[in-house]
Amino acid sequence: MCLAIPAQVTSLEEDDTAIVALEGIRKRISTALVEDLSVGDYVLVHVGYALHKVSPEEADRTLALMAEAGVLQDELDDMVEGGA
């Protein structure tokens, strides 16, 4: 399905990239579209790009709604396979 999914920035890398983590999954993403990121921030990730920052509360609400709707696991699987 490929929805944007919240993930936490665990490290900032060179060339406008970062490592994000969610549910034990770590992924390198582009941060070219978002300014002023810090380790610990939450971002919405879609097809390998951080779209914008979200609060930890918004990230939790979004993940809970995705789980309730039954789409969270599919998005996590996409993240592992390289989609999200």
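In short, a report on the structure. These figures come from a predicted structure and were not determined experimentally.

In this structure, Thr17 sits in strand β2 (residues 17-22). Only 2.8 Å separates the side chain of Thr17 from the backbone oxygen of Glu14, close enough to count as a polar contact. Those residues in contact with Thr17 that sit more than four places away from it in its chain are Leu12, Arg28, Ile29, Ser30 and Thr31.

One pass over the structure, following the stated rule, counts three salt bridges. Note that Arg28 is salt-bridged to Glu13, the shortest N-O span being 3.7 Å. Residue Arg28 is found in strand β3 (residues 25-30), and its partner Glu13 is found in strand β1 (residues 5-13); the two are separated by 15 residues along the sequence. The closest approach of N and O atoms between Lys53 and Asp41, which form a salt bridge, is 3.9 Å. Here Lys53, found in strand β5 (residues 49-54), pairs with Asp41, found in the loop between β3 and β4 (42-46); they are twelve residues apart in sequence, far enough to count as distant.

Let us look at the environment of Leu76. Inspection of the secondary structure puts Leu76 in helix α2 (residues 72-81). The class for Leu76 is buried, based on a relative accessible area of 6%. Sequence separation between Leu76 and Gly24 is 52 residues; the distance between their C-alpha atoms is 9.9 Å. Non-local contacts of Leu76, meaning those with residues more than four positions away in its chain, are made with Ile5, Leu22, Glu23 and Ile25.

Turning to the pairing of β5, a few remarks are in order. As defined by bridge partners, β4 adjoins β5 across five bridges and the pair is classed as antiparallel. Counterpart to His46 in the pairing with β5 is Tyr49.

The end-to-end C-alpha separation of helix α1 (residues 56-69) is 20 Å, in line with the 20 Å expected for 14 residues at 1.5 Å each. Buried positions along α1 lie against β1, β2, β4, β5 and α2. Downstream of α1 by one or two residues, Gly70 has phi in the positive range, about 80 degrees.

Calculation notes
Residues numbered from 1 in each chain as written. Predicted model: local features only at pLDDT ≥ 70, side-chain atom pairs only at ≥ 80, totals over all residues. Heavy atoms only, no water. Helix = DSSP H or I, 4+ residues; strand = E, 2+ residues; numbered from the N terminus. Polar contact = N/O pair within 3.5 Å; in protein donor to acceptor, adjacent residues only side chain to side chain. Contact = heavy atoms within 4.5 Å. Salt bridge = Lys/Arg side-chain N within 4 Å of Asp/Glu carboxyl O. Buried < 20%, exposed > 50% of the residue type's maximum accessible area, 1.4 Å probe, protein only. Pairing = 2+ DSSP bridges. Expected span 1.5 Å × (residues − 1).

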